[in-house]
Amino acid sequence: MQGKTIVVTGAFGTLGRAAAMLAASRGAKVAMVDVAVRPDNPVAGALALAVDLTKFDATTEAMRKVREATGRIDAVLNIAGGFVWQTVADGDEAAWERMFALNLKTAYNASRAALPHLVETSGAIVNVGANAALNAGAGMGAYAASKAGVHKLPESLAQEMKGRVRGNAVLPSIIDTAPNRADMPKADFLTWVKAEDLAKVMLFLASDDARDVTGVLLPVMGRV
């Protein structure tokens, strides 16, 4: 990571913070992008940008600012997203639109906006998909459908940008976060994927060590 610039979307969430901190500890310049910038920035010297990633023009301007400030963009970690549990029968259109906006549209906009800069560095895009999108359970329709799109985006990019930009995705089971613990208080948290461990996998896929890895959907299951 030394000398590289890593853009982390959803950077002020649990996984985003872990990825940003790990990238910085390995010598990367970090751009922390989120819908709102918080004062408790965990990475000293990081470029923090408040951006609505559902807006392509705003996302494009943010990537331009990162490129201008750091001189390059080597990887984009698409972590921004959301979750809803809602059955199809009792659901509503707004929830589906929200899931596709938060999960798929943000990843698409960030990827598309960064591509001109990533081509300069033979860079990488790493998306956060979901193992639940491979075999969706009850109440997971909207979330899983949006995450399935998140899976297909880097697969397609890997073919379109072959030899220029790599695209991959990680597919975690359940990430150990405070909201997940609150929602599932009786679960065995020790079996869940730690945010720090998932961040390590993402940074591997973003690194030169994974220069021959593209178009891969990598399950990260913990012990679930």
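Residues numbered from 1 in each chain as written. Predicted model: local features only at pLDDT ≥ 70, side-chain atom pairs only at ≥ 80, totals over all residues. Heavy atoms only, no water.

Peer 1: Looking at this model, I keep getting lost on the nonpolar core. Mind explaining?
Peer 2: Ranked by internal contacts, the top residues of the largest apolar core, which has 32 residues, are Ile 6, Val 8, Leu 15, Met 32, Leu 77, Ile 79 and Met 202. Those elements giving two or more residues to this core turn out to be strand 1 (5–9), helix 1 (14–25), strand 2 (29–34), strand 4 (75–78), strand 5 (124–128) and helix 6 (195–206). A total of 7 residues in this core trace back to one element, the largest contributor, which is helix 6. Non-local contacts of Ile 79, meaning those with residues more than four positions away in its chain, are made with Val 8, Thr 9, Gly 10, Leu 15, Gly 16, Ala 19, Val 128 and Met 202. (Core = buried A, V, L, I, M, F, W, Y, C linked by side-chain atoms within 4.5 Å. Buried < 20%, exposed > 50% of the residue type's maximum accessible area, 1.4 Å probe, protein only. Helix = DSSP H or I, 4+ residues; strand = E, 2+ residues; numbered from the N terminus. Contact = heavy atoms within 4.5 Å.)

Peer 1: How should the packing of helix 1 against helix 6 be read in this particular structure?
Peer 2: The relative placement of two packed helices is expressed as an angle between their axes plus a distance between the axes. At a minimum axis separation of 8 Å, helix 1 and helix 6 run at an interaxial angle of 55°. Taken together, helix 1 and helix 6 sit at an angle that is classed as oblique. Viewed along their axes, helix 1 and helix 6 form a crossing whose handedness is right-handed. Contacts between helix 1 and helix 6 involve Thr 14, Leu 15, Ala 18, Ala 19, Leu 22 and Ala 23 from the first element and Ala 195, Glu 196, Leu 198, Ala 199, Lys 200, Met 202 and Leu 203 from the second. (Axes fitted to C-alpha atoms, helices over the stretch in contact; angles between N-to-C directions. Parallel < 35°, antiparallel > 145°, perpendicular 65-115°, else oblique. Left-handed = near helix turned anticlockwise from the far one by under 90°.)

Peer 1: What am I meant to see in the packing of aromatic side chains here?
Peer 2: Two descriptors summarise a pair of aromatic rings, namely the distance from one centre to the other and the angle between the planes of the rings. Summed over all chains, the structure comprises 3 aromatic pairs. On the numbers, 4.8 Å between centres and 70° between planes, the contact of Phe 83 with Tyr 143 is edge-to-face. With Phe 83 in the loop between strand 4 and helix 3 (93–121) and Tyr 143 in helix 4 (residues 141–160), this pair connects stretches of sequence that are 60 residues apart. For Phe 83, a relative accessible area of 42% corresponds to the partly exposed category. Stacked on the ring of Phe 56, the Lys or Arg Arg 112 has its end atom at 3.9 Å from the ring centre. (Phe/Tyr/Trp six-rings, centres within 6.5 Å; stacked < 30°, edge-to-face > 60°. Lys NZ or Arg CZ within 6 Å of the ring centre and 35° of its normal.)

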